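Residue-level structural notes
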Amino acid sequence: MNRVTAIHDPTAHAEVSAIREACRKLGTFDLSGCEIYTSCEPCPMCLGAIYWAHLDRMYYGNDKNDAAAAGFDDSFIYKELELKPDKRRLHSETLLASEALKAFQDWTDKTDKVTY
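Before going into details, it helps to say that this report is about the structure given with it.

Definitions and cut-offs
Residues numbered from 1 in each chain as written. Predicted model: local features only at pLDDT ≥ 70, side-chain atom pairs only at ≥ 80, totals over all residues. Heavy atoms only, no water. Helix = DSSP H or I, 4+ residues; strand = E, 2+ residues; numbered from the N terminus. Rg over C-alpha atoms; globule rule 2.2 N^0.38 Å. Contact = heavy atoms within 4.5 Å. Disulfide = S-S within 2.5 Å. Buried < 20%, exposed > 50% of the residue type's maximum accessible area, 1.4 Å probe, protein only. Phe/Tyr/Trp six-rings, centres within 6.5 Å; stacked < 30°, edge-to-face > 60°. Lys NZ or Arg CZ within 6 Å of the ring centre and 35° of its normal. Pairing = 2+ DSSP bridges.

1. Digging into the overall build of the protein
Assigned secondary structure in the protein consists of six helices and two strands. Ordered by position from the N terminus, the helices and strands of the protein form the series α-α-β-α-β-α-α-α. Its C-alpha atoms give the protein a radius of gyration of 17 Å, more than 25% over the compact-globule value 13 Å for 116 residues. On the principal axes, the C-alpha backbone points of the protein span a range of 45 × 40 × 25 Å. Taking the intrachain contacts of the protein between residues at least 6 apart in sequence as the baseline, contacts between residues at least 24 apart amount to 32%.

2. Remarks on the state of the cysteines
By the definition in use, this model includes zero disulfides. No disulfide involves Cys34; its sulfur sits 8.3 Å from that of Cys23, the nearest cysteine. The cysteine Cys40 is free of any disulfide, with Cys43 supplying the nearest cysteine sulfur at 9.3 Å. Look at Cys40 and you get buried, because its relative accessible area is 16%.

3. With respect to the packing of aromatic side chains
Across all of its chains, the model carries three aromatic pairs by this definition. Ring centres of Phe29 and Tyr116 lie 6.1 Å apart, and the angle between their planes is 75°; this geometry places the pair in the edge-to-face category. With a gap of 87 residues between them, Phe29 in the loop between helix 2 (14-26) and strand 1 (35-40) and Tyr116 in the segment after helix 6 (97-109) connect regions that are remote in the sequence. Given the relative accessible area of 60%, Tyr116 is considered exposed. Ring centres of Trp52 and Tyr116 lie 6.1 Å apart, and the angle between their planes is 55°; on these two criteria the pair is classed as tilted. Of the two residues, Trp52 sits in helix 3 (residues 44-52) while Tyr116 sits in the segment after helix 6, which places them 64 residues apart along the sequence. This pair shows no difference in class: Trp52 is exposed, exactly as Tyr116 is. An aromatic cluster is present here, built from Phe29, Trp52 and Tyr116 joined pairwise through their rings. We note Lys64 situated over the ring of Tyr78; from NZ or CZ to the ring centre the distance is 4.6 Å. Sitting above the plane of the Trp107 ring, Lys113 keeps its charged end 5.5 Å from the centroid.

4. Some thoughts on the environment of Ile36
By the element assignment, Ile36 lies in strand 1. Here the alpha-carbon distance between Ile36 and Tyr60, two residues 24 residues apart in the chain, equals 8.4 Å. Beyond its immediate stretch of four places on either side in the chain, Ile36 contacts Glu15, Ile19, Ile50, Leu55, Arg57, Met58 and Tyr59.

5. Overview of the pairing of strand 1
Summarising the sheet, strand 1 and strand 2 (residues 57-62) pair through five bridges and their orientation is parallel. Across the sheet, the residue bridging to Tyr37 is Tyr59, located in strand 2.

Everything listed here is a matter of geometry and, on its own, says nothing about what the molecule does.
What follows is the structure, encoded as structure tokens:
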């Protein structure tokens, strides 16, 4: 279930909560072989989490238009994702790119990494 207001966590949507619990119970971050059932088509954050968790299949009852009609309209996020970062509502800028790239290089060079 959605626990956003109950635990004061904007990421505690039902799908993310279910993924976290399944990973905890199964002792893995890879849910290949699993399916997710949800009352509504997932928002962009939840859909991203579903892909990152490698779930095999998703089932949902309502779609994003039904969600919007109920006051859960995520269309602005889909629109924002289509824009270049400098055109989005959320101000952002590149900072310390060379230093940040070093972290990726360290990851690339790491011989004992667990890929996901």
